[in-house]
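Observations on the model geometry
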Number of protein chains: 2
Amino acid sequence: MTSQEKIGSYVDRFIRLTGEEKFEFTSRFKETRVKKRQFIVQPGFVPKYRYFVIEGSLRAYVVGDEGKDHTIQFAIEDWWISDYDSYIHQQPASMFVVALEDCVLMQISFEDEQILKASNHKFETFFRQKSELATAFLQRRIVTNLTRSASERYAIFVETFPELVQRVPQYALASYLGITTQFLSKIRNQKSR
Amino acid sequence: MTSQEKIGSYVDRFIRLTGEEKFEFTSRFKETRVKKRQFIVQPGFVPKYRYFVIEGSLRAYVVGDEGKDHTIQFAIEDWWISDYDSYIHQQPASMFVVALEDCVLMQISFEDEQILKASNHKFETFFRQKSELATAFLQRRIVTNLTRSASERYAIFVETFPELVQRVPQYALASYLGITTQFLSKIRNQKSR
DNA sequence: AAAAAAAGTGAAACCAGATTAACTTTTACC
DNA sequence: GGTAAAAGTTAATCTGGTTTCACTTTTTTT
C-alpha cells in the first residue's frame, strides 16, 4: 500500500469520496522521510506543513524558561502532528517537533489545505470533524490533568496508549504527564510490586 | 439589537453570508433565558444543545472522585459553551454547566447544527474555523499548565481575561487554575504588595 | 569493540501547593 | 432587615512531587 493509498483509506473513515475526489485530495500531499532526531518544526519558524504519519513516531514539545522540556503531543501511524496553534494562525512556532524514530510522513502545505477546504464541501467537513475530535481529546486531557494524581495519569496513559508506552522514551512520557523522570521511575516500580 | 442580530454579527467575523443565508443560519437558534445557579448541562444526560452567550456568564466543571470541583471552561458574552466532548459524540455528559449570573443564551440543537453544516459549505467552514480556534486555545492552556507555576498561571489569566477576573467567583477561578481557594488567596495578596 | 553520550534508577533533602481549622465578609432568602 | 449559608481570608501543618547527586544501563559514535 502506497502512502497515497494509506492517507486515502484514512480519509474514508470520515467522508465518502468518489475516486476522482480521492485523487484530488491525496495528490495535494507529498511524502517526506525524516530520520530519528530530525526536526520538522522549530520555534521561530512558521510551520508551513501539517503532517500525517505513515510510519514512525514523533514528539512535539516546548522548552520552558527554566530550560526543561514539556511534551505536548506524540504521534504514531495514522496520527497528525504539527504546532497547530502556530500552523492555523501561520505564525512562528513555539514548539519543536522531532522524530523519535525514522519516519515516513505525508505533508500538506497550509496553502494547499486552504485550497482543498475551499474547493469541496466534503473536504471542509473532513477537516472540521478532525478538528472537533482534537478539541474533544484536548478537553479530556485537561480534565485528567486537573482531576488526577501523577500515578493515576500514568495508569490512564498506559490504558489509553499501550503502544506508545513501549515506543516513546521515559523522559518524553514523564514530561507529557507533567512529572520528572525520577518520579515516573518511582511510580513504575511501585506498580510492579 | 436582538439576539438573532447578535449571533448574526458574530458569524460575520468568520464568513461572508447573504441576507438569506444569515436568516437560514440564525433562525436555527432559539433564545433561552436561565437564572443564576441554573444548570444547562448535567452529568448523565446527553447535551442536546450548544449555547452562544448573549448576556451573562457560565461555568463548566467536573466533580472529581474526591468530590471537588474542577472548572473546565468559563463563558461570557460572545463565547460558546457546552460539554463539547459529550455534545459532539452525543453521549451522556460528564460535566455540569451552570449559570454564574442570569443569562440570555442562543441555543442550537445537535440535529439543527448537522443540518446547517450539511446544507451550506460556508456554514461548515464557520464551524470548522471555530473548532480550530478552540483546539489552538486548549493547546495553549495545556502548555501553560505544564510550564508555569500557580502564580504565573494566575498572572497570565488576569492578563488574558481581565474581565473574567471581575466576574467569576474566586473558587471557580482557583479550580480553573488547578489550585485551592486558599492558595489563590495567598497569591493575590502577595501580588498586591 | 571501545569510548562517550544519553537514558534510566534510587535515595535524601527540600519545596510548592494541599489540608485543616478558625475566623470574617458577602450574599441569599424568609 | 435579620439570619443562615456561601464565599473568601489567614495561618499552621502536612505531602506529592521536585531537586540534587551518585550510580547503572543503554544507545550512539568512532
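1. Focus: the overall build of chain A
Counting secondary structure elements, chain A contains nine helices and eight strands. Here chain A holds 193 residues, and 52% of them are scored as buried. The contacts in chain A between residues at least 6 apart in sequence include a share of 70% that link residues at least 24 apart. Within the structure as shown, chain A displays about 9,300 Å² of accessible surface, and the carbon and sulfur contribution to it stands at 51%.

2. A few points about the sheet that holds strand β8 (residues 103–109) of chain A
All names here are of chain A. Taken together, the four strands give an open sheet; going across it, the order is β1-β8-β3-β6, and neighbouring strands pair in antiparallel fashion. The strands lining the two open edges of the sheet, one partner per strand, are β1 (30–34) and β6 (80–81). Two elements, strand β3 (residues 49–55) and β6, share two bridges in a ladder whose sense is antiparallel. Bridge pairing in β6 places Phe52 opposite Trp80. Here helix α4 (residues 110–119) sits on the sheet and contacts β3 and β8; the angle it forms with β8, its principal contact strand, is near 65°.

3. What about the side chain of Asp85 of chain B?
Along the polypeptide, Asp85 of chain B turns up in helix α3 (residues 84–89). Given the relative accessible area of 14%, Asp85 of chain B is considered buried. Reaching out from Asp85 of chain B, the side chain makes a polar contact with the side chain of Arg140 of chain A at a distance of 2.9 Å. Look past the residues within four positions of Asp85 of chain B in its chain and what remains in contact with it is Ala136, Gln139 and Arg140 of chain A.

4. Looking at the side chain of Thr26 of chain A
All names here are of chain A. Mapped onto the elements, Thr26 comes out in helix α2 (residues 19–26). With relative accessibility at 7%, the residue Thr26 sits in the buried group. When sequence neighbours within four positions are dropped, the list of residues in contact with Thr26 reads Gln4, Ile7 and Gly8.

5. What about the interface of chain A and chain B?
By convention, interface size is frequently given as the accessible area that disappears when the constituent parts associate. Of the residues lining the interface, 40 residues belong to chain A; the matching set on chain B comes to 40 residues. Between chain A and chain B, the buried area comes to about 3,500 Å², and carbon and sulfur atoms account for 62% of it. At the boundary of chain A and chain B, one finds nine salt bridges. One salt bridge connects Glu124 of chain A with Arg128 of chain B, and the closest N-O pair in it is separated by 2.5 Å. At the boundary of chain A with chain B, the tally comes to 20 residue pairs in polar contact (both at pLDDT 80 or more).

6. Side note on the environment of Lys6 of chain A
Residues and elements named next belong to chain A. Inspection of the secondary structure assignment puts Lys6 in helix α1 (residues 3–12). Assessed through its relative accessible area of 29%, Lys6 is described here as partly exposed. Considered as a pair, Lys6 and Gly44 are 38 residues apart in the sequence and their alpha carbons are 32 Å apart.

7. Some thoughts on the protein's contact with DNA strand C
What surrounds DNA strand C is a group of 16 residues, the closest being Ser185 and Asn189 of chain A together with Lys36, Lys68 and Gln182 of chain B. Backbone atoms, meaning sugar plus phosphate, form 78% of the atoms of DNA strand C positioned within 4 Å of the protein. With respect to DNA strand C, the backbone of Gln170 of chain A contributes an N or O atom lying 3.0 Å from a phosphate oxygen. Looking at the surface near DNA strand C, the elements that each hand over two or more residues are α8 (170–177) and α9 (181–191) of chain A together with α9 (181–191) of chain B. Sort the elements by how many residues they give to the surface near DNA strand C and α9 of chain A lands first, with three residues.

Scoring rules and cut-offs
- Residues numbered from 1 in each chain as written.
- Chains lettered and ligands numbered in written order.
- Predicted model: local features only at pLDDT ≥ 70, side-chain atom pairs only at ≥ 80, totals over all residues.
- Heavy atoms only, no water.
- Helix = DSSP H or I, 4+ residues; strand = E, 2+ residues; numbered from the N terminus.
- Buried < 20%, exposed > 50% of the residue type's maximum accessible area, 1.4 Å probe, protein only.
- Contact = heavy atoms within 4.5 Å.
- Areas by Shrake-Rupley, 256 points an atom, 1.4 Å probe, with all protein chains shown as cover.
- Pairing = 2+ DSSP bridges.
- Axes fitted to C-alpha atoms, helices over the stretch in contact; angles between N-to-C directions.
- Polar contact = N/O pair within 3.5 Å; in protein donor to acceptor, adjacent residues only side chain to side chain.
- Buried area = accessible area lost by both parts, 1.4 Å probe.
- Salt bridge = Lys/Arg side-chain N within 4 Å of Asp/Glu carboxyl O.
- Near = heavy atom within 4 Å.

Taken by themselves, the reported measurements are silent on function.
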